[in-house]
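# Chain and residue survey
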Amino acid sequence: MAEVRRFTGEAFGSWLTERRRRGVFAPAGVEEAVAGILAEVRERGDLALIDLTERFDKVRLSPENLEVSRAEREVARGGLDATFLAALETARERIAAYHRRQIPKGYRFEEASGNILGQAVRPLGRVGIYVPGGRASYPSSVLMGAVPARLAGVREIVMVTPPGPDGRVDPAVLAAAEIAGVDRVFRVGGAQAVAALAYGTETVPPVDKIVGP
């Protein structure tokens with residue numbers, strides 16, 4: 001049940017300021033820990049991803065299975081209920097209908113003096129999507145990240161998401177990746193996954209932009 005609070009005078013302002021502060025400042029030691037993870041991935045690449053995944057997710061991977069194969073993605077989609085898949089398709093279409101109206105368009109014109117002016121709008125080459133995992137399944141994060149990118153004309157969409165205890169990626173998340181047109185999926189999460197997308201490793205390609213919750 002939701003908690004209901006009543007405020008009088010300046011009490012609400014103080015309460016709101018405190019909650020905003022919680023979202024801005026990380027707990028002590030977090031920034032240092034993340035900086036160490038970023039440096040480790042930048043220096044050691046795939047080996048760092050493997051070691052960090054074992055440390056945080058208790059799953060031992062290898063360079064060969066960091067990437068989720070196309071066959072595994074197809075099997076995941078095929079094993080899901082048809083009603084659920086239809087819901088994902090409907091969600092994709094609704095998200096696309098909304099974002100299609102946001103696509104910016106360039107323009108070009110010639111001044112009386114003969115100068116050619118304008119604005120060229122071009123899509124990014126490669127975008128990375130971070131999808132949370134672990135205790136819950138978030139196929140909606142896949143759709144909300146990938147569908148706008150695909151509409152914008154992004155050439156390649158790369159997704160990272162943490163593996164479950166068995167080393168597999170949630171089937172619903174993989175199905176959403178198939179439906180949304182994600183090109184590549186890697187079973188790695190946390191700050192190490194973001195670092196991999198930012199710097200690139202032997203297996204994970206660097207991207208131009210990272211999106212996600």
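As a reminder, the structure under discussion sits directly above these lines.
The paragraphs below set out a description of the structure included in this document. (Residues numbered from 1 in each chain as written. Predicted model: local features only at pLDDT ≥ 70, side-chain atom pairs only at ≥ 80, totals over all residues. Heavy atoms only, no water.)

## Some thoughts on the overall build of the protein
What the protein contains, in helices and strands, is eight helices and six strands. Put simply, the protein runs from its N terminus to its C terminus through helices and strands in the order α-α-α-α-α-β-β-β-α-β-α-β-α-β. Here the C-alpha coordinates of the protein stretch approximately 65 × 60 × 45 Å along the principal axes. Within the protein, buried positions represent 34% of all 213 residues. Considering only intrachain contacts with a sequence separation of at least 6, the fraction spanning at least 24 residues in the protein is 71%. In the form shown here, the protein has an accessible surface area of approximately 13000 Å², with 53% of it arising from carbon and sulfur atoms. (Helix = DSSP H or I, 4+ residues; strand = E, 2+ residues; numbered from the N terminus. Buried < 20%, exposed > 50% of the residue type's maximum accessible area, 1.4 Å probe, protein only. Contact = heavy atoms within 4.5 Å. Areas by Shrake-Rupley, 256 points an atom, 1.4 Å probe, with all protein chains shown as cover.)

## Quick notes on the pattern of salt bridges
Evaluation of the coordinates by the stated rule reveals 15 salt bridges. For glutamate 89, the salt bridge identified is with arginine 92, shortest N-O distance 2.7 Å. You can see glutamate 89 and its partner arginine 92 sitting in helix H5 (residues 82–99), three residues apart, about one turn around the helix. Among the ionic pairs, glutamate 93 bridges to arginine 92, the shortest N-O distance being 3.1 Å. Judged by relative accessible area, glutamate 93 falls into the partly exposed class, the value being 43%. One salt-bridge network, held together by shared partners, links Glu40, Arg44, Asp51, Glu54, Arg55 and Arg60. (Salt bridge = Lys/Arg side-chain N within 4 Å of Asp/Glu carboxyl O.)

## Digging into the pairing of strand E2 (residues 116–119)
Pairing between strand E1 (residues 107–110) and E2: four bridges, direction antiparallel. Looking at E2, one finds that tyrosine 107 is bridged to glutamine 119. Hairpin connection, E1 to E2: the antiparallel pair is bridged by five residues, and glycine 114 has positive phi, about 100°. (Pairing = 2+ DSSP bridges.)

## What to know about unusual backbone geometry
The phi dihedral of lysine 58 falls on the positive side, at around 60°, and the residue is not glycine. If you trace the backbone, lysine 58 turns up in the loop between helix H3 (46–57) and helix H4 (70–78). A relative accessible area of 65% means that lysine 58 is categorised as exposed.

## Notes on the sheet that holds strand E3 (residues 126–130)
Through backbone hydrogen bonds, the strands of a sheet pair up, either in parallel or in antiparallel fashion. The strand order across the open sheet formed by four strands is E5-E4-E3-E6, and the pairing between neighbours is parallel. What marks the edges here is a single partner per strand, and that holds for strand E5 (184–186) and strand E6 (209–211). Between one strand axis and the next, the sheet turns through 20° on average, direction left out of account. One ladder, built from five bridges, connects E3 with strand E4 (residues 156–160); its direction is parallel. Each residue of the ladder has a partner; that of valine 127, found in E4, is isoleucine 157. (Axes fitted to C-alpha atoms, helices over the stretch in contact; angles between N-to-C directions.)

## Quick notes on the nonpolar core
In this structure, Leu88, Val142, Leu143, Ile157, Met159, Val182 and Val185 are the most contacted members of the largest nonpolar core, which totals 27 residues. Looking at this core, the elements that each hand over two or more residues are H5, E3, helix H6 (139–152), E4 and helix H7 (171–180). Per-element tally for this core: the top contributor is H7, with seven residues. Sequence-distant contacts of valine 182, that is, excluding residues within four places in its chain, are made with Arg70, Arg73, Val142, Ala146, Ile157, Met159 and Ala177. Within the second largest apolar cluster, 21 residues are counted, among which are Ala48, Val59, Val160 and Leu197. (Core = buried A, V, L, I, M, F, W, Y, C linked by side-chain atoms within 4.5 Å.)

Function cannot be read off these values alone, since they describe shape.
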